[in-house]
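Residue-level listing of the chains:
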Amino acid sequence: EALSCFREAYLFSSSHQLFAMLRSTELFPYHVFCCTGPGHWRPLAAFPVNRVFCFGVAVVGSTLVVIGGIGSGLFHSSLQSVHALNLLSPEANWSRLPDLPCNCIKPRVVVSGSFIHIFRLSSKDQRVLSMDMGVAEHARKWSFEVLPATPCIVKSALAVNEQIVVMGDGKSGGHLYLYVPECEKYLPLVACESLSHPVSFSFHDNTLYVMEKRYNHNEHYTFHTLSMQ
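Summary of the structure given here.

Cut-off values and rules
- Residues numbered from 1 in each chain as written.
- Predicted model: local features only at pLDDT ≥ 70, side-chain atom pairs only at ≥ 80, totals over all residues.
- Heavy atoms only, no water.
- Pairing = 2+ DSSP bridges.
- Helix = DSSP H or I, 4+ residues; strand = E, 2+ residues; numbered from the N terminus.
- Axes fitted to C-alpha atoms, helices over the stretch in contact; angles between N-to-C directions.
- Contact = heavy atoms within 4.5 Å.
- Buried < 20%, exposed > 50% of the residue type's maximum accessible area, 1.4 Å probe, protein only.
- Polar contact = N/O pair within 3.5 Å; in protein donor to acceptor, adjacent residues only side chain to side chain.

## Quick look at the sheet that holds strand S16 (residues 176-180)
Adjacent strands of a sheet form backbone hydrogen bonds with each other and so pair up, either parallel or antiparallel.
Part 1 of the reasoning: Overall, antiparallel pairing links the 4 strands, which are arranged S14-S15-S16-S17 in an open sheet. Strand pairing shows two members of the sheet lacking a second neighbour, strand S14 (154-160) and strand S17 (185-188), which therefore form its edges. Between one strand and the next, the sheet's axes are offset by a mean angle of 30°, whatever the strand orientation.
Part 2 of the reasoning: As judged from the 4 bridges shared by strand S15 (residues 163-168) and S16, these two strands associate in the antiparallel manner. The residue of S16 that forms the bridge with Ile164 is Tyr179.

Right, here's the structure in full:
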């Protein structure tokens, strides 16, 4: 109720606290709020760049990172800028992180440990761009050398038990792959090889939930589960 004047809202948590990114219309930038109690929200800071949509979001420890996206303006140009905000500091301002090597729309972002990984930097790019947020600020840089390229064009990616699962975009088979750091390879999840049109997935209680679009007489969705223990 306290946030009812805002049209768009994205919720996330960090350090056992609830936060929200909100904006009222496309003409105004997103603001970040911290929940201080039931129905009470404290504003932190507005986005330094008016990202309209299609940006990536990562929470690493107590730091919120926003990546790329579409900016405001007459032509809604894509962005390559990256900004970070310390969520635990009430007076914190946004800081600028190293830019991406190219403009990026709808990045598939995964946080694993102190690393931010970006899958599908562009529509046909199978490389993975990474940055370690655990090092000193002056040493942070984007690199394609942390993870190998994926075996498919990635539709979505997810961190699971300190490993990473990537989902193909359907054109490359729609399979799911598990990245195993020990052998530095993406291994197919055999139980999911029959999926033809997976559209999204999530992880809860050591189980991977996959939603698939099916085409029969009518379009419908089915769910699959896979234990990750």
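Having seen the structure, we can now continue with the description.
## Describing the environment of Gly69
Part 1 of the reasoning: Assignment of secondary structure puts Gly69 in the loop between strand S7 (63-67) and strand S8 (70-71).
Part 2 of the reasoning: Distance from Gly69 to Lys106, taken between C-alpha atoms, is 6.3 Å for residues 37 residues apart in sequence.
Part 3 of the reasoning: With sequence-adjacent residues up to four places away left out, Gly69 is seen in contact with Phe53, Cys54, Phe55, Ser77, Ser78, Leu79 and Cys104.

## A few points about the environment of Cys102
Part 1 of the reasoning: By secondary structure assignment, the location of Cys102 is in the loop between strand S10 (95-97) and strand S11 (108-112).
Part 2 of the reasoning: A relative accessible area of 28% means that Cys102 is categorised as partly exposed.
Part 3 of the reasoning: Residues Cys102 and Leu79, spaced 23 residues apart in sequence, show a C-alpha to C-alpha distance of 8.1 Å.
Part 4 of the reasoning: Excluding residues within four positions of it along the chain, Cys102 makes contact with Leu79, Gln80 and Leu121.

## Regarding the sheet that holds S11
Part 1 of the reasoning: Reading across the sheet, the 3 strands line up as S11-S12-S13 and stay open at both edges, with antiparallel pairing between neighbours. Single-partner strands in this sheet number two, and they are S11 and strand S13 (128-132). Adjacent strand axes in the sheet meet at a mean angle of 20°, parallel and antiparallel pairs treated alike.

## Section: the side chain of Asp125
Part 1 of the reasoning: The topology assignment puts Asp125 in the loop between strand S12 (115-119) and S13.
Part 2 of the reasoning: Of the residues examined, Asp125 reaches a relative accessible area of 12% and is grouped as buried.
Part 3 of the reasoning: Within polar-contact distance, the side chain of Asp125 engages the backbone nitrogen of Arg127 at 2.9 Å.

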